[in-house]
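A closer look at the structure
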Amino acid sequence: MLSDQPIRIAIIGGGLAGATLANSLLKHKHLDVDIFESTPEFSEQGAAVGIATNGQSALFEMGGSLTDVIERAGGVIMTSSRLCMAAGPSAMSVIFDLAAEQRGKVVHRAALLAELLKPIDNIKKHTNKKVVRIEDKEKGSLTIHFDDSTTFDAEAVIGADGIRGYVRSHVLGEDDPAVAAKSAGFWDSRSLVPLQKAKELLGEEYFRVNRQYGWVGDCGFFMHDVLDGGDTVQFVLCGMSDGDWTEGEWSKPLDRAAVEKVVESWAETPLKKSIVEAMLQNPDLKAFAEQHHELNASTYTKGHVCIMGDAAHSMTPWQGSGAGQAIEDAMVLETLLGETKDPTGLAAAFKAYDQVRRPRTQKIVHSSYGTGLITCGRGEGISLDINKIRESMPGRWAFIYEQDQAQHRKEALSVLKSYW
Ligand SMILES: Cc1cc2nc3c(=O)[nH]c(=O)nc-3n(C[C@H](O)[C@H](O)[C@H](O)COP(=O)(O)OP(=O)(O)OC[C@H]3O[C@@H](n4cnc5c(N)ncnc54)[C@H](O)[C@@H]3O)c2cc1C
């Protein structure tokens, strides 16, 4: 028997994962969706995010206003990128060029979030609502408790509350060692410099074409690209922590000595000196630890609760895939919940989601970490050997980009039907 009441779904967290899912569920009239964000407003930190072809085709599959959401948010095709060596015997050689034909799109984070949330009714978007507890009241009914002592009842809760959210601990159990994200052993820092100054520091030749450059160092990586329609250059320096970060430490200031230490063992080239000066253009230079869910969650669901996005599988940024995977999560959840017309089917829908999404997303968490090692000249058996780096890289992206999203939806539905 089908329920005549819509199924109440609470999405916890209003980042790219929660907002994409909330938007995608609008088309299903049997679902009544509310989204809860802990901060005073829905917002995104950081400048830009790249959405690769897999994320774009997942948006296209979900349809409606998601079809062209990147374009409406001002997204553009990514420029080509060139990976070069900055350390070892092949220093200053090009490893390879990644052509713009890859068709990834880069978009301002805040603009994308605003477009995702636009079609959602204001009364369904709640801010200042930090979830502190989920109570399993009786079969099929949940009460969400917020830190302002208010509550909300729903039949399903989807945790899109990020790397340090609450819902993961509800699903796995507080004492599960996989709850906490761990330091991945990398840190990164950023310096934004006007284009003219960047040319003086690095040399005109790196700005003749609009191209992102990455430099593989010895235990580190340097990157630069042009932002803001050509006015600003972003320099990013990444290093590997050598026991100088404590677990849970999130950021620390970087001075000249610390920057010089990162590039100490890189090749003696003019670039090396330029890197130090480029980074020190930021008078408030800070290093941020990269964290990830190194320990795989044993499940993404418990009863009528599930987790998605960074709450389920936070990853290092080396393969630029966290947001793309959150979008794929949303596509699979939308597919399964679209077919779930009665609350008694929710646990099966979430089990199917877990079965289809967990292997792929966890594989990418670990692949991303391994890519970070290679990019910092520390790949096992690869080190600073340019030929081995060249051979090792392409296959690391192919399985991410070449996903057939229509097939992924079909697979999810067939798993769901096996539970019926
Ligand atoms: C430097 C860097 C570069 C990156 N580049 C790329 C890229 O190019 N391409 C790509 O695909 N990915 C990239 N990523 C990854 C991507 O940014 C993330 O995977 C993605 O933004 C995660 O979205 P999310 O909604 O799951 O989590 P979040 O953005 O963390 O959102 C979670 C939301 O939940 C809220 N919240 C937390 N706790 C609670 C609570 N208890 N109750 C209610 N609300 C709560 C938070 O305030 C937040 O708004 C990058 C990441 C980094 C660090």
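These numbers come from a predicted model, not from an experiment. (Residues numbered from 1 in each chain as written. Predicted model: local features only at pLDDT ≥ 70, side-chain atom pairs only at ≥ 80, totals over all residues. Heavy atoms only, no water.)

Another aspect to go through is empty space enclosed by the protein. Summed over all chains, the structure comprises one cavity of 30 Å³ or more. Computed from the structure, the largest cavity encloses a volume of approximately 30 Å³. Of the residues assigned to the lining of the largest cavity, the class counts are seven nonpolar, one polar and no charged. (1 Å grid on protein atoms, 1.4 Å probe; cavity = no way out; pocket = protein on both sides within 12 Å on 5 of 7 lines; lining within 4 Å. Points joined across faces, edges and corners; volume = space filled by probe spheres on them. Nonpolar A, V, L, I, M, F, W, Y, C, P; charged D, E, K, R; others polar.)

Let us now look at the layout of surface pockets. Here the second largest pocket is characterised by a volume of approximately 310 Å³. As for the second largest pocket, its lining consists of 16 residues, and the residues nearest its centre are Trp187, Met240, Asp242, Lys261 and Val262. Contributing elements (two or more residues each) for the lining of the second largest pocket: β16 (232-240) and α7 (256-263). No other element matches the three residues that α7 contributes to the lining of the second largest pocket. Broken down by class, the residue content of the lining of the second largest pocket amounts to eight nonpolar, two polar and six charged. (Helix = DSSP H or I, 4+ residues; strand = E, 2+ residues; numbered from the N terminus.)

Around the ligand there are 30 residues in total, and Glu37, Gly50, Arg109, Asp310 and Ala323 lie nearest to it. In the environment of the ligand, an oxygen atom lies 3.2 Å from a nitrogen or oxygen atom belonging to the backbone of leucine 16. Measuring from an oxygen atom of the ligand, one finds a backbone N or O atom of alanine 323 at 2.9 Å. Considering the ligand on its own, with 1000 Å² of exposed area, one finds that the protein chains cover 78% of that surface. Counting only elements with at least two residues in the shell around the ligand, the list comes to α1 (16-25), β3 (48-51) and α10 (322-338). Top element by residues in the shell around the ligand is α10. It accounts for three residues. The residue inventory of the shell around the ligand, partitioned by class, reads nine nonpolar, 13 polar and eight charged. (Near = heavy atom within 4 Å. Polar contact = N/O pair within 3.5 Å; in protein donor to acceptor, adjacent residues only side chain to side chain. Areas by Shrake-Rupley, 256 points an atom, 1.4 Å probe, with all protein chains shown as cover.)

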